[in-house]
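Results of the structural survey
Each chain, written out:
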Amino acid sequence: MTRTIHPRTPSATPPTPATDLVDIDGLGVGYLSDGAVAPAVRDVTLRVRRGEIVALVGESGSGKTTVAQAVIGLLPDRARITGGSVRVAGIDITAAAEQVVRPLRGATVGLIPQDPMIGLNPTQRIGHQVAEAVALRGPRGRQRDAEVLDILRAAGLDDPERHLRRYPHELSGGQRQRVLIAIALAGEPDLLIADEPTSALDVTVQARILDHLQTLVRDRGTALLIITHDLAVAADRADRMVVMRHGRIVEEGTPARILGDAEQPYTRRLIAAAPALAHRGVLEPRFTLTAEEAETGRSLLELDAITKRYRSGRGASADHLALDQVSVRVAAGRTHALVGESGSGKTTALRIATALTEPTSGTVRFDGLDITGRSWRSLRPLRRRFQLVHQNPFAALDPRYRVGDSIVEPLVSYRLGDRHSRRARALELLDQVALPRTALDRRPAELSGGQRQRVAIARALALEPELVLLDEPVSALDVSVQQQILALLAELQQRLGLTYLFVSHDLAVVGQLAHTVSVFHRGRVVESGATAAVFRDPSSEYTRQLLAAIPGRRPNTRS
């Protein structure tokens, strides 16, 4: 199943001062550090017209988010505007008083922030938070309540009535992101700034939300500024792509021009690092096992007819069936991927595989041994043979520990070696994950996201496990860093003979790493087999929907 990219046809209306909703001219921004201002954004000039979608793309640290914060007047306290101007609806944000800028937020400019846990109030139910945003436009009572439900549905939150009284921590990351999108939409703004709005979402939900944002642009003339490191999303959705690096705009143009004839080597590297773009929209799985080959090889991990039921209230009818007769086989020395949307049961299956959660029924076997329901004490010797890499390395690493301490923590836990041998092992592991040895004495906050993920992988390898379980290990990383981590995992697997169980909602990433795949949908495995065979000829309609929704592979025209 292959498709060719058809980049968006941009609006034929030429830019004029009358249609410019955002006018950034020579913007410079720096951050105060040790009494000096370190430049973060340099001489940025950018215009966004009404009814236009502009994608600001680049790696972490390129200045994208700083530009977005300047547009809405929400730069951090230590930020300093060092030059230029930012006009929104004719008002210079850089020179206006707070009482002038404040009314613009929500009504004229809406922001979808990147981190849903920071963007939402943890002490308030989500229904109340969305209702507050709706009430700013005037609706009250039943009208307000009806609009809250409509907006949550439009933002992609299924069954919003069930979620209204929940707190943010009771929702998944993707669900929290949808609530943030709903709050931004509630004010019906003229300009919507979306800062990595779909990085935590599955491809099908991502497509639905971006379709909705495009509808706003088409029907209401809303301007949309998308801040993203995902060039495939930008290629699908934008009228113009603006590429940033080291605080400067290095390239600008239509998606067709950027993808077809990028001028800058940096832009070409970003395109090459995006799996769906590198092959012109054709997904090319790295491994080409046949259906027969996929069934061969020694099984290192098996989940056999696993069912998991969570009690969510009184009575059996209130139970939530998270997994229903799920069977998964992971062959030694290979990578098996679990893919599907949020809530499909992938992470539950992973937790059961690591014996962190017990199944309601079914059997888990590791290297032929039944580990179902074993006590922590009896499992402890086996746990040295399988290790977990979490989705968020910043949350998984203790911020108080230096990198070296984090890496050798498993060795300390198992009382292996002395201080000297552990330090030597930590340095060896840093070499294996391609981190400089100087990182040993740094703390997580001093590292980039990609470097933190390398530390998490190094720690998982400390005990020389046979099986590494990876929960969305690259979902929050830039495409170029993502490519580096995937290449690292592939190289480590080949060199150390590792086996991976890899959870992801990104089929383009799965194609780069996995030999075999199981597709999860609502707690069931709807398709399983060799990755190449599943991608080439999926038997399930749900799998076909997932493949069709991958950014960078969809027809890209304004309807």
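Because the structure is a prediction, the values reported are computed rather than measured. (Residues numbered from 1 in each chain as written. Predicted model: local features only at pLDDT ≥ 70, side-chain atom pairs only at ≥ 80, totals over all residues. Heavy atoms only, no water.)

Once that is clear, we can look at the overall build of the protein chain. Helix and strand counts for the protein chain stand at 23 helices and 20 strands. For 559 residues, the compact-globule estimate of 2.2 N^0.38 gives 24 Å, and the protein chain sits close to it at 24 Å. Once the C-alpha set of the protein chain is aligned to its principal axes, its extents read approximately 70 × 55 × 45 Å. Each of the 559 residues in the protein chain was classed as buried or not, and the buried ones make up 52%. In the protein chain, the share of contacts with a sequence separation of at least 24, taken over all contacts with a separation of at least 6, comes to 70%. Taken as a whole, the protein chain presents about 24400 Å² of accessible surface, with 48% of it coming from carbon and sulfur. (Helix = DSSP H or I, 4+ residues; strand = E, 2+ residues; numbered from the N terminus. Rg over C-alpha atoms; globule rule 2.2 N^0.38 Å. Buried < 20%, exposed > 50% of the residue type's maximum accessible area, 1.4 Å probe, protein only. Contact = heavy atoms within 4.5 Å. Areas by Shrake-Rupley, 256 points an atom, 1.4 Å probe, with all protein chains shown as cover.)

Okay, empty space enclosed by the protein next. Under the defined criterion, the tally for this structure stands at two cavities of 30 Å³ or more. Considering only enclosed or pocket space, the largest cavity measures out at about 400 Å³ in volume. Around the largest cavity sit 31 residues that line it, and Gln206, His229, Asp230, Gln482 and Asp506 are the ones nearest its centre. For the lining of the largest cavity, the elements supplying multiple residues, two or more each, are helix H8 (203–220), helix H9 (231–237), helix H12 (275–278), helix H20 (479–496), strand E18 (499–504) and helix H21 (507–513). Taken together, the residues of the lining of the largest cavity sort by class into 18 nonpolar, nine polar and four charged. (1 Å grid on protein atoms, 1.4 Å probe; cavity = no way out; pocket = protein on both sides within 12 Å on 5 of 7 lines; lining within 4 Å. Points joined across faces, edges and corners; volume = space filled by probe spheres on them. Nonpolar A, V, L, I, M, F, W, Y, C, P; charged D, E, K, R; others polar.)

Here we come to the layout of surface pockets. Rolled over the atoms, a probe sized like a water molecule indicates the empty space that remains. If you add up the space inside the second largest pocket, you get close to 570 Å³. For the second largest pocket, the lining is made up of 20 residues, of which Trp376, Gln387, Leu388, His390 and Pro410 are closest to its centre. Every element with two or more residues in the lining of the second largest pocket is listed here: helix H15 (376–383), strand E16 (386–389), helix H17 (403–413) and helix H19 (449–461). Broken down by element, the residue count for the lining of the second largest pocket peaks at four residues, all from E16.

Moving on, we come to the side chain of Arg383. Looking at where Arg383 falls in the secondary structure, it is placed in helix H15. The buried charged residue Arg383 lacks any salt bridge, with Glu358 as its nearest oppositely charged partner at 9.1 Å. The contacts of Arg383, once residues within four sequence positions are left out, are Thr354, Ala355, Leu356, Trp376 and Tyr414. (Lys, Arg positive; Asp, Glu negative; His and termini not counted. Salt bridge = Lys/Arg side-chain N within 4 Å of Asp/Glu carboxyl O.)

Whenever strands of a sheet pair, they do so through backbone hydrogen bonds, lying parallel or antiparallel. The strand order E2-E1-E4-E5 describes an open sheet built from four strands, whose pairing is antiparallel. Bordering the open sheet on either side are strand E2 (36–49) and strand E5 (91–92), each of which pairs with just one other strand. The pairing of strand E1 (residues 20–33) with E2 spans 10 bridges and is classified as antiparallel. What sits directly across from Gly30, in E2, is Pro39. Across the sheet, helix H1 (residues 64–72) is in contact with E1, E2 and strand E4 (79–88); its angle to E1 comes to roughly 115°. (Pairing = 2+ DSSP bridges. Axes fitted to C-alpha atoms, helices over the stretch in contact; angles between N-to-C directions.)

The next point concerns the environment of Arg268. The residue Arg268 is located in helix H11 (residues 265–273) in this model. When sequence neighbours within four positions are dropped, the list of residues in contact with Arg268 reads Ala262 and Glu263. For Arg268, the side chain forms a polar contact with the main-chain oxygen of Glu263, separated by 3.2 Å. (Polar contact = N/O pair within 3.5 Å; in protein donor to acceptor, adjacent residues only side chain to side chain.)

What follows covers the pairing of E1. Between E1 and E2, which pair antiparallel one after the other, the connecting turn spans two residues, and Asp34 there sits at a positive phi close to 55°. Pairing of E1 with E4 involves eight bridges; the strand directions are antiparallel. Note that in E4 the partner of Val29 across the bridge is Ile81.

Applying the stated criterion across every chain, the model contains 29 salt bridges. Measuring nitrogen to oxygen at the nearest pair gives 2.7 Å for the salt bridge that ties Arg257 to Glu251. A salt bridge links Asp431 to Arg437, with the nearest nitrogen and oxygen atoms 2.7 Å apart. Residue Asp431 is classed as partly exposed on the basis of its relative accessible area of 41%.

Strand order in the open sheet formed by four strands is E12-E11-E14-E15, with antiparallel pairing between adjacent strands. Only two strands of the sheet have a single partner each, and these edge strands are strand E12 (320–331) and strand E15 (369–370). When strand E11 (residues 299–310) meets strand E14 (residues 361–366), the two strands line up antiparallel, connected through five bridges. Residue Leu301 lies in a different strand from E14, and its bridge partner there is Phe366.

The contact between H19 and H20 brings their axes to 10 Å, and the two run at 20°. By the criterion of interaxial angle, the relationship of H19 to H20 is roughly parallel. As H19 runs across H20, the sense of the crossing is right-handed. Facing H19, whose interface residues are Gly450, Arg454, Ile457 and Leu461, H20 presents Val481, Gln484, Ile485, Leu488, Leu489, Leu492 and Leu496. When its residues are assigned to classes, the contact of H19 with H20 shows eight nonpolar, two polar and one charged. (Parallel < 35°, antiparallel > 145°, perpendicular 65-115°, else oblique. Left-handed = near helix turned anticlockwise from the far one by under 90°.)

All right, on to the nonpolar core then. Judged by nonpolar contacts, the single largest core of 56 residues is most densely connected at Ile407, Ile457, Phe502 and Val510. In terms of residue count, the dominant contributor to this core is H20 (seven residues). Setting aside anything within four residues of it in sequence, one finds Val510 in contact with Ala337, Val339, Phe502, Ser504, Val517, Thr531 and Phe535. Judged by nonpolar contacts, the second largest core, of 52 residues, contains Ala131, Leu180, Val243 and Leu277. (Core = buried A, V, L, I, M, F, W, Y, C linked by side-chain atoms within 4.5 Å.)

Our next topic: helix H18 (residues 419–432). Between its first and last C-alpha atoms H18 spans 20 Å; for 14 residues at 1.5 Å apiece the expected length is 20 Å, and the two agree. Looking at H18, one finds that the buried residues are Arg422, Arg425, Ala426, Leu427, Leu429, Leu430 and Gln432. Each element contacted by the buried residues of H18 is listed here: H17, H19 and H20. Positioned one or two residues after H18, Ala434 has a phi angle of 60°, which is positive. (Expected span 1.5 Å × (residues − 1).)

Limitation: the analysis is restricted to geometry and does not speak to function.
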